[in-house]
Amino acid sequence: MNTTAATLDANLLDDTRETPATLDAFLAQVERRAFRMAELQLRQREDAMDAVQDAMLRLVKHYRDKPATEWAPLFWGILRRRVVDLQRRRKVRSIVVGWLGGGRDDNGDDLPVWEPPDHGPGPLERLHDVQSYADMAAAVRQLPQRQREAFILRMLEGLDVAETARVMGCSEGSVKTHLSRAMHHLRDQLEDWR
């Protein structure tokens, strides 16, 4: 167990990404990580794929001519806002469906559930140690939204404090505070994996 946690920590901390030469290369590089982030936040595979696709299309459409060093913070900011939009839309649908009466259509069939149950980590089960990933994902999901965003952007995506602050729309001090609290919570939750 200790080797898995040490490997995970080393991979997270030592991961420095090179700036790709083309926008296509950047999108190919970031695609899987973006999907994992969106799926952790949205807890539904289809919504995560939609969010990542929308973020990629918006980056290409609006920011194609920006310097390559700006693509990462721009992309993660777009994806973050898209995820928040989908979460808000899901909440409104849930309220409206509940308010309008029972969740059945004209034929008496149940309407779709807008708050789907969480069935676990999904495609990331291919990791070497499935249980350690599942525990890590569950612990990350339990974090408050801002702490979760700070952790994902800083530790998993390797953005620096200034880039993370720009993506999250807050000060650098707030990023540091959110990350510190997230790390403290994760250490407590994942104590068995030390």
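For the structure itself, consult the block above.
Let us look at the structure shown here. Residue positions are given per chain, counted from 1 along the sequence in the order it is written. Totals for whole chains, interfaces and linings use every residue, but because this is a predicted model, local features are given only for residues with pLDDT of at least 70 and side-chain atom pairs only at 80 or more, for both listing and counting. With hydrogens and water set aside, each side-chain value is computed from the structure's full complement of heavy atoms.

## A look at the pattern of salt bridges
Logical step 1: Put simply, a salt bridge is a Lys or Arg side-chain nitrogen that is within 4 Å of an Asp or Glu carboxyl oxygen. One pass over the full model with this rule turns up four salt bridges.
Logical step 2: Arg33 serves as the salt-bridge partner of Glu157, at 2.7 Å between the closest nitrogen and oxygen. Taken together, the positions of Glu157 in the loop between α6 (145-156) and α7 (161-168) and Arg33 in helix α2 (residues 23-42) put the pair 124 residues apart, joining distant regions of the chain. Side by side, Glu157 and Arg33 carry an identical accessibility label, which is buried.
Logical step 3: Salt-bridge contacts for Arg82 lead to Asp54; the nearest nitrogen and oxygen are separated by 2.7 Å. Taken together, the residues Arg82 in helix α4 (residues 68-101) and Asp54 in helix α3 (residues 45-63) connect sequence positions 28 residues apart.
Logical step 4: Under the relative-accessibility criterion, Arg82 is labelled buried at 12%.
Logical step 5: Ionic contacts of the salt-bridge type, sharing partners, join the residues Arg80, Arg146 and Glu149 into one network. Helical segments are the DSSP runs of H or I of at least four residues, strand segments are the runs of E of at least two, and each set is numbered from the N terminus. Think of it in three bands: with a 1.4 Å probe and only protein chains considered, a residue is buried below 20% of the maximum accessible area for its type, exposed above 50%, and partly exposed in between.

## A word on the packing of aromatic side chains
Logical step 1: Working definition: rings of Phe, Tyr and Trp (its six-membered ring) pair if their centres are within 6.5 Å, and the pair is stacked with planes under 30 degrees apart, edge-to-face with planes over 60 apart, and tilted otherwise. If you walk through the whole model with that rule in mind, you get three aromatic pairs.
Logical step 2: Ring geometry for Phe26 and Trp71: centres 6.0 Å apart, planes at 50 degrees, overall tilted. With Phe26 in helix α2 and Trp71 in helix α4, this pair connects stretches of sequence that are 45 residues apart. Each of the two residues, Phe26 as well as Trp71, counts as buried.
Logical step 3: Seen from their ring centres, Phe75 and Trp76 are 5.1 Å apart, and the 75 degrees between their planes marks the pair as edge-to-face. When sorted by exposure, Phe75 lands in the same class as Trp76, which is buried.
Logical step 4: Aromatic ring contacts, followed pair by pair, group Phe26, Trp71, Phe75 and Trp76 into a single cluster.

## Some thoughts on unusual backbone geometry
Logical step 1: One non-glycine residue, Arg43, lies in the positive phi region at around 65 degrees.
Logical step 2: If you trace the backbone, Arg43 turns up in the loop between α2 and α3.

## Observations concerning the side chain of Gln147
Logical step 1: Tracing the chain through its elements places Gln147 in helix α6.
Logical step 2: The class for Gln147 is buried, based on a relative accessible area of 13%.
Logical step 3: Residue contacts are counted whenever heavy atoms from the two residues lie within 4.5 Å of one another. Excluding residues that lie within four positions of it along the chain, Gln147 makes contacts with His178, Arg181 and Ala182.

## Focus on the packing of α6 against helix α8 (residues 172-189)
Logical step 1: Contact geometry of α6 with α8 gives a least axis separation of 8 Å together with a crossing angle of 95 degrees. Comparing their axes, α8 and α6 come out roughly perpendicular. Contact residues: Arg146, Gln147, Ala150, Phe151, Arg154 and Met155 in α6; Val175, His178, Leu179, Arg181, Ala182, Met183 and Leu186 in α8. Between N-to-C directions, angles span 0 to 180 degrees; the directions come from axes that are lines fitted to C-alpha atoms, helices contributing only their stretch in contact. For classification purposes, an angle smaller than 35 degrees is called roughly parallel, one larger than 145 roughly antiparallel, one from 65 to 115 roughly perpendicular, and anything else oblique.

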